[in-house]
Amino acid sequence: MLTDFFKSYVDQYQPYKGKRWCYEDGCIYRGLTLLAQATGDQTWMDLMIERISRQVEEGGTALTGYNPSDYNIDNILPGRSAFTAHAVTGDAKYLEACHLLMRQLRTHPRTKSGVFWHKLRYPWQIWLDGLYMGQPFLIEYGQQTGDTALIDDSLTQLHTALTQLFAPDTGLYHHAIDEAKMQPWCNPETGASHAHWSRSLGWLVMALVDVAELVGPEKFAPLRARSVKLLQDIMSYRGDEGLWLQVLDRPDLEGNYVETSASAMFVYAFYRAKDLGLFEGDVADLMPALEAYAMQPDETGALHMVEMCEVAGLGWFEGRFRDGSADYYLSENRVADDAKGVGPMMKAYAASLLHAQNTGR
């Protein structure tokens, strides 16, 4: 059973980057949170709180290895789980940790159009990944503190980012855009990156459904049409295995492969979108298809989540240049049991349970 895999995985899990506060751990924390909500089993929440507590130091005024002046939007994601830990335990250190992260966002550099840079070392750039990492937290913080201007700011940033990142030739969204049009990976006329990497679109659709749930239909209305259309378009690229390719829109591309972390993100988003009225299609077979393909036994019979891209990005990284081409995305390592896939798998499974509960199936 998947729950057995999740329990074994978390029991053996070590912080992704040593002990340093990072978004990969945040993916697991979010997965555990949703499992607790969907199953009613407090064990999942206890596991999440136990693990995040190790990274919240000095009463919440420090997070292990976190430097706010890095202005790395990825570091904001685990803050959503700090809100949850505070709600469950009442321990003020978790809320203090959220205040610390918000201090980063209050001075985080922005593009001329008003959207957070992805990182300080990626100047003038908006990445789809960052919309998931930062915007739901900003909304939650605004809701927790009563600062509705933060909610409006987040919704405006999302609308602006989607307008800039839209790819009219495919109807999808570019992985990133360089507002300065200086990066060697971008189109010099538009500033946009090239190929459609599935996981970047996975981050985006998870952001959209999470924001829709947080703010409700009235405030989400300006983003609704784009979200509905994007979900429809992504479903149209679903392959014979019932999942999605690493380079989403290129089934003709030699070496393209079914990528399970993005597929898990899409499955999560479709179940949530269905329950939120953002998707009208059938979702019944999504989780069975994902589990059948992604979860494979080793020689001992132990299950592993396989066929996921380890990492991908744009620009120079560890001595190599990532040019954003379709061939580049196919060149990255494939791994098993990475947090960026297992966390969304937890979320997809939890969302399928919640959908079943909502529909009485």
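Residues numbered from 1 in each chain as written. Predicted model: local features only at pLDDT ≥ 70, side-chain atom pairs only at ≥ 80, totals over all residues. Heavy atoms only, no water.

1. Here we look at the nonpolar core
Rules: Buried Ala, Val, Leu, Ile, Met, Phe, Trp, Tyr and Cys residues form a nonpolar core when they are joined through side-chain atoms within 4.5 Å. Exposed residues in this analysis have more than 50% of their type's maximum accessible area, buried residues have under 20%, and partly exposed residues fall in between, with area computed by a 1.4 Å probe over protein chains only. Only DSSP runs of H or I with at least four residues qualify as helices, and only runs of E with at least two residues qualify as strands; both kinds are numbered from the N terminus onward. We call two residues in contact whenever any of their non-hydrogen atoms come within 4.5 Å of each other.
Counting 111 residues, the largest nonpolar core has Phe6, Trp244, Phe270 and Met345 as the members making the most contacts within it. Examining the composition of this core, we find that 17 residues originate from one element, helix α8 (residues 198-236), more than from any other. Those residues in contact with Met345 that sit more than four places away from it in its chain are Leu2, Phe6, Ala264, Met287, Leu290, Ala294, Met295 and Met305. Judged by nonpolar contacts, the second largest core, of 17 residues, contains Trp185, Trp197, Tyr328 and Tyr329.

2. Examining unusual backbone geometry
In this structure, Glu58 takes a positive phi of about 50 degrees despite not being glycine. Within the secondary structure layout, Glu58 lies in the loop between β1 (56-57) and β2 (62-63). Take Glu58: its relative accessible area is 62%, and that puts it in the exposed class.

3. Let's talk about the pattern of salt bridges
The following threshold applies: Here a salt bridge means any side-chain nitrogen of Lys or Arg lying within 4 Å of a carboxyl oxygen belonging to Asp or Glu.
According to the stated counting rule, one finds 19 salt bridges in the structure shown. With a closest N to O distance of 2.9 Å, Arg80 and Asp210 form a salt bridge. Of the two residues, Arg80 is situated in helix α4 (residues 79-89) and Asp210 in helix α8; the sequence distance between them amounts to 130 residues. Residue classification places Arg80 among the buried residues on the basis of a relative accessible area of 4%. On the basis of relative accessibility, which here comes to 3%, the residue Asp210 falls in the buried class. Through salt bridges that share partners, Arg30, Arg80, Glu140 and Asp210 make up one connected network.

4. With respect to the packing of helix α1 (residues 2-12) against helix α12 (residues 339-359)
Put simply, the rule is: Fitted lines through C-alpha atoms give the axes, limited to the stretch in contact for helices. The angle between two N-to-C directions lies from 0 to 180 degrees. We call two directions roughly parallel when the angle between them is under 35 degrees, roughly antiparallel when it is over 145, roughly perpendicular when it lies between 65 and 115, and oblique otherwise. Left-handed describes a crossing in which the near helix is turned anticlockwise from the far one by less than a right angle; the clockwise case is right-handed.
Two elements in contact, α1 and α12, have axes separated by 11 Å at closest approach and are oriented at 140 degrees. By the angle between their directions, the pair α1 and α12 is classed as oblique. Along this stretch, α1 crosses α12, giving a crossing that reads as left-handed. Residues Leu2, Thr3, Phe5, Phe6, Tyr9 and Val10 of α1 lie in contact with α12, whose contacting residues are Ala339, Val342, Met345, Met346 and Tyr349.

5. Observations concerning the environment of Leu314
With respect to the helices and strands, Leu314 occurs in the loop between β9 (308-309) and β10 (315-317). Sequence separation of Leu314 and Gln183 is 131 residues, and the distance between their C-alpha atoms is 9.2 Å. Leaving out residues up to four positions away in the same chain, Leu314 has contacts with Tyr122, Trp127, His175, Ala176, Trp185, Ser193, Arg322, Asp323, Gly324 and Tyr329.

6. Quick look at helix α5 (residues 92-107)
This is how it is decided: By definition here, a helix of n residues has an expected span of 1.5 Å times n minus one. Under the rule applied, a polar contact is a pair of N or O atoms within 3.5 Å (in protein, one hydrogen donor and one hydrogen acceptor; residues adjacent in sequence only if both atoms are side-chain atoms).
Helix length check: α5, at 16 residues, gives a terminal C-alpha distance of 24 Å against a target of 22 Å (1.5 Å per residue), a fit within 8%. Every buried residue belonging to α5 is among Lys93, Tyr94, Ala97, Cys98, Leu100, Leu101, Met102, Gln104 and Leu105, and all of these are buried. Residues of α5 that are buried make contact with α3 (42-53), β1, β2, α4, α6 (128-145) and α7 (148-165). The opening residue of α5, the one whose side-chain oxygen lies 3.0 Å from the backbone nitrogen of Lys93, is Asp91.

7. Focus: α7
For an α-helix, the turn length of 3.6 residues means that residues three or four places apart are oriented alike. End to end, α7 covers 26 Å across 18 residues, agreeing with the expected 26 Å (1.5 Å per residue, within 8%). Leu150, Ile151, Asp153, Ser154, Leu155, Gln157, Leu158, Thr160, Ala161, Leu162 and Leu165 are the residues of α7 that are buried.

8. Focus: the side chain of Ser227
Tracing the backbone through its elements, the reader meets Ser227 in helix α8. If near-sequence neighbours (up to four positions away) are discounted, Ser227 is found in contact with Leu208 and Phe220.

9. Quick word on the packing of aromatic side chains
For any pair of aromatic rings, geometry is given as the distance between the ring centres together with the angle between the planes. Going by this rule: Each Phe, Tyr or Trp ring (for Trp, its six-membered ring) is paired with any other whose centre lies within 6.5 Å, and the angle between the two planes then decides the class: stacked below 30 degrees, edge-to-face above 60, tilted in between.
The full count for this structure, using the stated rule, is 18 aromatic pairs. Between Tyr23 and Trp203, the aromatic rings sit 6.0 Å apart at their centres with planes inclined by 75 degrees, giving edge-to-face as the arrangement. Of the two residues, Tyr23 sits in helix α2 (residues 23-39) while Trp203 sits in helix α8, which places them 180 residues apart along the sequence. Accessibility assignment for this pair places Tyr23 and Trp203 in one class, buried. Measuring from centroid to centroid gives 6.2 Å for Phe83 and Tyr141, while their planes differ by 55 degrees, and the two rings are tilted. Of this pair, Phe83 sits in helix α4 while Tyr141 sits in helix α6, and the two are 58 residues apart along the sequence.

10. Considerations on the environment of Trp124
Its place among the elements puts Trp124 in the loop between α5 and β3 (125-127). When its relative accessible area of 32% is taken as the criterion, Trp124 is described as partly exposed. Distance in space between the C-alpha atoms of Trp124 and Asp178 is 5.7 Å, their sequence separation being 54 residues. Once residues lying within four places of it in the same chain are set aside, the contact partners of Trp124 are Arg110, Thr111, Lys112, Trp117, Ile177, Asp178, Glu179 and Ala180.

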